[in-house]
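Listed here are the chains, written in short residue letters.
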Amino acid sequence: MARMIRIAVLQFSHETVTFLGNDTTIADFTYAGSPAAGEALLASDPRGYMGGFVQVAREFDGVELVGIESPLWPVTGSGSGWVTGEAFEHFTAKMIAGLRAGGTWDGVYLCVHGAMAVRGVERPEAELARRVRKVVGREAFIAGTFDPHGNEDAEFLAAADFAFCVKYFPHYDSHLQGQRAARMLVRAIRGDYAPKSATVKVPILTPTVQQWTGASPWMDLVQRALVWEAREPDLFVNFYFGFPWSDVPDAGMCFQVIANGDAALAKRVADDMARAAWRRRAELVKAATIHRIGDGVRMAAAAMADGKMPVVLADHSDRSGAATWLLREIQAQDLPGVVVVSVADAAAVEALRNARPGDAFDREVGGKLDVSAGAPVRVTGTVLGGDWSANDVKQHWVAIGFGSGCALVLTPYLTQVLYPETVRQYGLDPAAFRGFAIKSRVHFRRGFDDSGFAPTILLVEPDEPFLGTIRLEALPYRHVELERFYPYGEVAFP
Ligand SMILES: [Zn+2]
């Protein structure tokens, strides 16, 4: 008869773009629904890591899950900079106090991301795991789930027992990794699994737009990891692509392998994965073709003339959501039938609160947030609709008709559109457009490419090497030594 197992569930997730000017603060993590505790935390993301974790943990008899009060994703999504030290300490202290007050724990699940960057705290996920370990002791097991954009090294697994990282970009398998975390925590607690891990960093740094796992060589490395997992039962292979928009000391590619009681096997597989990645390094850093925005808009017009529609123009480089470069060029070339979704402009959305469909619109929008957002662009047209009813201002929006059958959606924050159908949320019919001008690097491939929707996909970025550029050498790194990474220096590996 299995004894009762008690597992604490915590979350602290952010993907921090340290080059953005707006710090991520306590206030950004605090809104209706966040922080969340108890069932509210456990039910906070049914299709994601948390949902998978809770689902499988509850398939076991005698497992008690306790949601410890934790912040959900900040209101800024991934459109904000350094998490303040104050925010990290505030929420971590509350979580640790909740753990202490909760009694004795057999296991802890940490729903983290891996690319959180905190002022004054290196490797915040590992720091969280260390603090949790101090409370729960060496007997308990700690498992984390991670995004492949995590900047990780051996530190997290020095304090925790398990890490499970999503394999695909777009991130189709977060639910699956949550399930694995639950299953392996319970098995380890019951003495059925003895986690032994190996970690190997690979000195390759790539812009995220290159990391689509729907194409080689990225898909080949994912496949290699899957083959290892298939041929060695109870082996888990984590492939962190790394997140270059976080200027942190553990940036870059990393492999982690976890095996049942077999440290040598874990090391052998981690070395194999690392060497396989290094062999393909020249292809890894140029897997995607990026066009300058003017060229991309011209190519979109040509594709439309050829009937290769719908066309996607993805400004992959916009990290604030406010960038106007693509909107400006669509206006300049009078590209017809395009929905631009979205340009972030919180002030404009608020100012238009009383607008009604049919109202004339003439206003400068977007830009300003930082130099990479560009200058505001004047748009003249007609208000198509808007919604300011939600308590959560993130959900407010206004849609404007302009140009030759074009529409522009303004939102308060960076909005990544992943599916054509999403424009229905803004009162628009996806079938009415020949083109979609969006802000996304890879996630949009979920609905626009892997789905077969758009025959023409054009990735664009501004001429200037701004934040979000594929030209990482243009970024003002202070903690990352770029010349220690391929392709930015003479790097020897292994
Ligand atoms: Zn990611």
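Everything in this summary refers to the structure shown in the same document. (Residues numbered from 1 in each chain as written. Predicted model: local features only at pLDDT ≥ 70, side-chain atom pairs only at ≥ 80, totals over all residues. Heavy atoms only, no water.)

## Digging into the sheet that holds strand β10 (residues 253–260)
Link 1 in the chain: Reading across from one edge, β8-β10-β9 is the order of the three strands in this open sheet, with antiparallel pairing throughout. Every interior strand has two partners, whereas the edge strands, β8 (195–202) and β9 (236–240), have only one. Between one strand and the next, the sheet's axes are offset by a mean angle of 15°, whatever the strand orientation.
Link 2 in the chain: The strands touched by helix α8 (residues 218–231) are β9 and β10; relative to β9, the strand with the most contacts, the crossing angle is about 160°.
Link 3 in the chain: Lying over the sheet, helix α9 (residues 263–279) contacts β8, β9 and β10, oriented at roughly 20° with respect to β8. (Pairing = 2+ DSSP bridges. Helix = DSSP H or I, 4+ residues; strand = E, 2+ residues; numbered from the N terminus. Axes fitted to C-alpha atoms, helices over the stretch in contact; angles between N-to-C directions. Contact = heavy atoms within 4.5 Å.)

## As for the packing of helix α11 (residues 293–305) against helix α12 (residues 325–332)
Axes are the key here: two packed helices are described by the angle between their axes and the distance separating the axes.
Link 1 in the chain: Two elements in contact, α11 and α12, have axes separated by 10 Å at closest approach and are oriented at 50°. Considered as vectors, α11 and α12 are oriented oblique to each other. For the pair α11 and α12, the crossing hand works out as right-handed. Counting all contacts with α11, which are made through Ile293, Gly294 and Val297, the residues of α12 involved are Trp325, Leu326, Glu329 and Ile330. (Parallel < 35°, antiparallel > 145°, perpendicular 65-115°, else oblique. Left-handed = near helix turned anticlockwise from the far one by under 90°.)

## Comments concerning the sheet that holds strand β12 (residues 311–315)
Link 1 in the chain: One open sheet accounts for nine strands, arranged β11-β19-β12-β18-β13-β17-β16-β15-β14; its pairing is mixed. Edge positions in the sheet fall to β11 (290–292) and β14 (360–365), since each of these pairs with one other strand and no more. Averaged over all pairs of adjacent strands, the angle between strand axes in this sheet comes to 35°, irrespective of strand direction.
Link 2 in the chain: Inspection of the sheet shows β12 paired to strand β18 (residues 435–438) by four bridges, in the parallel sense. Its bridge partner being in β18, alanine 314 is matched across the sheet by isoleucine 438.
Link 3 in the chain: Strand contacts of α12: β12, β13 (338–344), β14, β15 (377–387), β16 (397–402), β17 (406–411), β18 and β19 (456–461), with the helix running at about 110° to β15, the strand carrying the most contacts.

## A short note on the packing of aromatic side chains
Link 1 in the chain: On inspection of all chains with the given rule, the structure shows 23 aromatic pairs.
Link 2 in the chain: Consider the rings of phenylalanine 164 and phenylalanine 236, whose centres lie 5.1 Å apart with planes at 85°: the pair is edge-to-face. Of this pair, phenylalanine 164 sits in strand β7 (residues 162–165) while phenylalanine 236 sits in strand β9; the two residues are 72 residues apart in sequence, bridging distant segments of the chain.
Link 3 in the chain: Taking the relative accessible area as the measure of exposure, phenylalanine 164 reaches 0% and is therefore buried.
Link 4 in the chain: Between tyrosine 193 and phenylalanine 236 the ring centres are 6.3 Å apart and the planes differ by 50°, which places this aromatic pair in the tilted class. In this pair, tyrosine 193 sits in the loop between α7 (174–189) and β8 while phenylalanine 236 sits in strand β9, placing the two residues 43 residues apart along the sequence.
Link 5 in the chain: Aromatic rings pair up to connect Phe12, Phe29, Phe88 and Phe91 into one cluster.
Link 6 in the chain: In this arrangement the basic side chain of lysine 394 is found over the ring face of tyrosine 31, its NZ or CZ atom lying 4.9 Å from the centre. (Phe/Tyr/Trp six-rings, centres within 6.5 Å; stacked < 30°, edge-to-face > 60°. Buried < 20%, exposed > 50% of the residue type's maximum accessible area, 1.4 Å probe, protein only. Lys NZ or Arg CZ within 6 Å of the ring centre and 35° of its normal.)

## Side note on α11
Link 1 in the chain: For α11, with 13 residues, the first-to-last C-alpha span of 18 Å sits near the 18 Å given by 1.5 Å per residue.
Link 2 in the chain: Where α11 is buried, its residues contact β11, β12, α12, β13, β18 and β19.
Link 3 in the chain: Looking one or two residues past α11, glycine 307 carries a phi angle of roughly 80°, positive in sign. (Expected span 1.5 Å × (residues − 1).)

## Some remarks on unusual backbone geometry
Link 1 in the chain: The step from tyrosine 486 to proline 487 runs through a cis peptide bond, and the omega angle for that step is 5°.
Link 2 in the chain: At the junction of phenylalanine 493 and proline 494, the peptide bond is cis and its omega measures out at -5° in the coordinates.
Link 3 in the chain: Mapped onto the elements of the fold, proline 494 is located in the segment after β19.
Link 4 in the chain: A positive phi is found at aspartate 234, a non-glycine position, where the angle reads about 70°.
Link 5 in the chain: In this fold, aspartate 234 is placed in the loop between α8 and β9.
Link 6 in the chain: Looking at aspartate 234, the relative accessible area reads 25%, which means it is partly exposed.

## Observations regarding α12
Link 1 in the chain: The complete set of buried residues in α12 reads Leu326, Leu327 and Ile330. In an axial view of α12, the angular spread of the buried residues amounts to 100°, which keeps them on one side of the axis.
Link 2 in the chain: Immediately downstream of α12, the backbone of aspartate 334 shows phi near 50°, a positive value. (Arc of directions from axis to C-beta.)

## A look at the side chain of serine 34
Link 1 in the chain: Within the fold, serine 34 resides in the loop between α1 (26–29) and α2 (38–42).
Link 2 in the chain: At 2.9 Å, the side chain of serine 34 forms a polar contact with the backbone nitrogen of leucine 72.
Link 3 in the chain: With residues near it in sequence (within four places) discarded, serine 34 still touches Phe29, Pro71 and Leu72. (Polar contact = N/O pair within 3.5 Å; in protein donor to acceptor, adjacent residues only side chain to side chain.)

## Some thoughts on the pairing of β15
Link 1 in the chain: Pairing between β14 and β15: six bridges, direction antiparallel. By the bridge assignment for β15, valine 365 is matched with valine 377.
Link 2 in the chain: Where β15 and β16 come together, six bridges link them in antiparallel fashion. Among the inter-strand pairings, aspartate 387 is bridged to a residue of β16, identified as tryptophan 397.

## Quick word on the coordination of the zinc ion
Link 1 in the chain: Only Asp147 (OD), Asp147 (OD), His149 (ND1) and His171 (NE2) from the protein reach the zinc ion as donors, at distances of 2.0 to 2.6 Å.
Link 2 in the chain: Geometry at the zinc ion is irregular, judged from the four donor atoms that bind it and their angles of 54 to 145° at the metal.
Link 3 in the chain: All donor residues of the zinc ion come from one chain, and their arrangement in sequence is D-x1-H-x21-H. Across the pair, exposure class does not vary: aspartate 147 and histidine 149 are buried alike. (Donors = N, O, S within 2.8 Å, 3.2 Å for Na, K, Ca; no water. Tetrahedral: all angles 85-135°; square planar, octahedral: opposite > 155°, others 65-115°.)

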